[in-house]
There are 4 protein chains.
Amino acid sequence: MKTSRLEAFSDGVLAIIITIMVLELDTPEGHDFESLWRTTGHGLLTYLLSFVYVGIYWSNHHHMFQLADRVTGGVLWANLSLLFVLSLFPFTTSWMEESDFAHTPVVVYGLNLMGAAVAYFVLQQTIIRGQGVDSRLRRAIGRDLKGRISPPLYLTGILCAQFVDPHGRAGVVIALACYVAGALMWVVPDRRIDRAVRELGSPD
Amino acid sequence: MKTSRLEAFSDGVLAIIITIMVLELDTPEGHDFESLWRTTGHGLLTYLLSFVYVGIYWSNHHHMFQLADRVTGGVLWANLSLLFVLSLFPFTTSWMEESDFAHTPVVVYGLNLMGAAVAYFVLQQTIIRGQGVDSRLRRAIGRDLKGRISPPLYLTGILCAQFVDPHGRAGVVIALACYVAGALMWVVPDRRIDRAVRELGSPD
Amino acid sequence: MKTSRLEAFSDGVLAIIITIMVLELDTPEGHDFESLWRTTGHGLLTYLLSFVYVGIYWSNHHHMFQLADRVTGGVLWANLSLLFVLSLFPFTTSWMEESDFAHTPVVVYGLNLMGAAVAYFVLQQTIIRGQGVDSRLRRAIGRDLKGRISPPLYLTGILCAQFVDPHGRAGVVIALACYVAGALMWVVPDRRIDRAVRELGSPD
Amino acid sequence: MKTSRLEAFSDGVLAIIITIMVLELDTPEGHDFESLWRTTGHGLLTYLLSFVYVGIYWSNHHHMFQLADRVTGGVLWANLSLLFVLSLFPFTTSWMEESDFAHTPVVVYGLNLMGAAVAYFVLQQTIIRGQGVDSRLRRAIGRDLKGRISPPLYLTGILCAQFVDPHGRAGVVIALACYVAGALMWVVPDRRIDRAVRELGSPD
């Protein structure tokens, strides 16, 4: 089985996920900038964050499948698992925003990020295993420092949102900072981050 | 007419069906794990079940059309019939879940599964008939034991939900078990199930 | 400019139109077959009618572009016009069904069918004009009897719904019969209808 | 990385954006033409305007990528930025229409148009920069007079809606005229507008 139709289907699902989140934005009741900001400000920023994450997954998915040769049953279901976890973003994004960034919804959003990272990793490993000893994909991803940094970052966010400052905002703010940092890490041009990561990660 | 545009269109429709079901998930009113589970727990599991079924149909559709050479009018309309039946899943899923798994909605969900199996079978036969005596597709599907086991499984579920324990939960639970089993049968790796099926089905 | 991306975009839009109509189906409040039929029965049949019409347009679009060589600005905008008119089906379908088939909504649905037929005809002519004197597409469509029969059929429906039996159901029933007949004419296998049409249309 | 999958993904997102706006159209409560016009008239015209703008972006995007050779990280993110801004159209369209064309929502719609123009320009420049000194794309777009006329037109609209006649309709009407003119400029056949633009812009 060739990868082209799996890619086309994944593109379709990701395009829908990334776009339907905008349907969750409430129309402001008032007709001025203040009520726009009050009703939609947070929603817009949250939508942007999730948009960027789905964009990152689409881009990484795209790169990864350029090095995949064929689709086995395992790859197919690992891919569907990833799509399932990503399809929950409209729900977790909407809950986080509607709750005005309460503790549990911020934890759940972090779990969604973590779940997506795990599903992506499983898909990657499934492809690598299918390619045998000198897998092209394994050589291409190398040490994959970005991929390794992300889960601890999400975990930090989850733990802060759950346990730090349960009656105030500090834990939630740290968590959101972790999620934003996780997105920025993938978006900023590769060379700069790669160099930074190389220095930090040199004893690896 | 070539199969590529029919496949692209079907991919688009299936991608939308599999994704819009997540729009039916209600955002919890409370902001804790308990209200998440109460509001969305069942919805999430039901969504997962339908996601897996649509994923199975996408995957089987994908395989089948690799062995189809051309699209006749009959194939085109048999394919649209299948897409129509599958497009009802967001509706039947949502009703089953909102009714908290009442008898009739569980029956209707089973009828949807059955309808999809029938529409898929009709599409398969339409392609095979078009290919003539030594159809490549007929040889490839062989005895198609999975395809043969599914309808009786759905039927069992439908009958149990309708007639067994009409004032309690037993019939519904058996029905759901049948539907889940039907999905698992397609998801678990082929070799193992094939061997099991071969043993069970050997006198066939 | 090649036709492939225009076809892919049109496939995407048509796939969405054909699928989102199912989101309009109301979930029954009761949990039995009677309330399913009362709440959703008409909605389901109306959805089926619109699904078939969008399916017909997709199929005809598909065939037509196999004979189109290149995309000019005119073709591009004629195609977008067709997509716009077709994108109104979820709206007109939903109004017709929610109004329980009141006169005006049935007229508007007919106008939507008529608008789609006109937009399709304009697109066809735009492609033919671009192909010059011995247009491949012109030769392929021949006398296009189906295409010629549809608009008078829709017009009959519109006029009946508007003027016949304004306080009763007769006009609406005739209109719906016209719309259903228009769909059936395209769906039933070509040879049979072609022969019927040839006999009816022989003095043409 | 090749451009085909980026184009397919963009097509998917644009197809969804252009189609889901129809979901915002409210079904009229009455069942006659008057209530259709009252409930949906403005909505339909606004939808048409946004449909045309998204159609223009799809068409321009399509043309531009025929001259793009490869996808760098910069192109990928510039493209996602454009898709993000365009994905806000369902929201800004809906607000503008629901507010019955109040001042601020009309300003925000103009800002959305402006944002899309800027994002498109950035994407164009990113591709050109990647192509080096004798970029094919740069030569093809030439002086790009349409692209240069659009932003001042949107800006005029925004300023009029914000500052002209704050208690009446004049400012809003001028703004809408600017937005409609901006769309028409791209839709009318190229030769005529090109000639007009050439005359107006000759000292350029």
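Owing to the predicted nature of the structure, the values given are computational and were not obtained by experimental measurement.

(A) A look at the interface of chain A and chain D. Between chain A and chain D, the contact holds 36 residues from the first and 31 residues from the second. Carbon and sulfur atoms supply 78% of the area buried between chain A and chain D, which totals about 2800 Å² over both sides. Taken as a group, His31(A), Phe33(A) and Trp58(A) account for 22% of the area that chain A buries against chain D, more than any other trio of residues on that side. At the boundary of chain A with chain D, the tally comes to two salt bridges. Two residues, Glu7(A) and Arg5(D), come together in a salt bridge whose shortest N-O distance is 3.1 Å. On inspection of chain A and its partner chain D, the count reaches seven residue pairs in polar contact (both at pLDDT 80 or more).

(B) Summary view of the relation of the copies chain A and chain D. Here chain A sits on chain D after a turn of 90° about the axis and a move of 0.0 Å along it, with an RMSD of 0.0 Å. Here the symmetry operator amounts to a four-fold rotation axis. Closest approach to the rotation axis within chain A is made by the C-alpha atom of Gly12(A), at a distance of 4.3 Å. Each copy contacts the other with its own distinct surface, as only 3% of the interface residues of chain A are interface residues in chain D too.

(C) A look at the interface of chain A and chain B. At the interface, 31 residues of chain A touch 36 residues of chain B. Taken over both partners, the interface formed by chain A and chain B buries close to 2800 Å², and the fraction arising from carbon and sulfur atoms is 78%. The three residues of chain A that bury the most area against chain B are Arg5(A), Phe9(A) and Trp77(A), which together make up 28% of that side's buried surface. For the salt bridge of Arg5(A) with Asp11(B), the shortest nitrogen-to-oxygen distance reads 2.7 Å. Taken together, chain A and chain B are joined by seven residue pairs in polar contact (both at pLDDT 80 or more). Breaking the side of chain A that touches chain B down by element, the ones donating at least two residues are α1 (4–20), α3 (73–87), α4 (89–98) and α5 (103–131) of chain A. Broken down by element, the side of chain A that touches chain B gets its largest block of residues, nine residues, from α1(A). Per-class residue counts for the side of chain A that touches chain B are 21 nonpolar, six polar and four charged.

Calculation criteria
- Each residue is numbered by its place in its chain's sequence as written, counting from 1.
- Following the order in which they are written, the chains are lettered starting with A and the ligands numbered starting with 1.
- Confidence filtering applies because this is a predicted model: local features only for residues at pLDDT of at least 70, side-chain atom pairs given and counted only at 80 or more, and all residues used for totals across whole chains, interfaces and linings.
- Heavy atoms from the whole structure form the basis of all side-chain values; hydrogens and water molecules are not counted.
- Here a residue-residue contact requires only that any non-hydrogen atoms of the pair lie within 4.5 Å.
- A 1.4 Å probe defines the accessible area here, and the buried area is the portion of it lost by two parts on being joined, summed over both.
- Salt bridges are identified by distance alone: a Lys or Arg side-chain nitrogen within 4 Å of an Asp or Glu carboxyl oxygen.
- For the purposes of these results, a polar contact is taken to be a pair of N or O atoms within 3.5 Å, where, inside protein, one atom must be able to donate a hydrogen and its partner to accept one; residues adjacent in sequence count only when each atom of the pair is a side-chain atom.
- For the least-squares superposition of copies, only C-alpha atoms count, and only for residues with pLDDT at least 70 in both.
- Strands are runs of DSSP state E lasting at least two residues, helices are runs of H or I lasting at least four, and both sets are numbered from the N terminus onward.
- Note on residue categories: nonpolar means Ala, Val, Leu, Ile, Met, Phe, Trp, Tyr, Cys or Pro, charged means Asp, Glu, Lys or Arg, and polar means any other residue, Gly included.

Interpretation note: all reported values are geometric properties and have no functional meaning in isolation.
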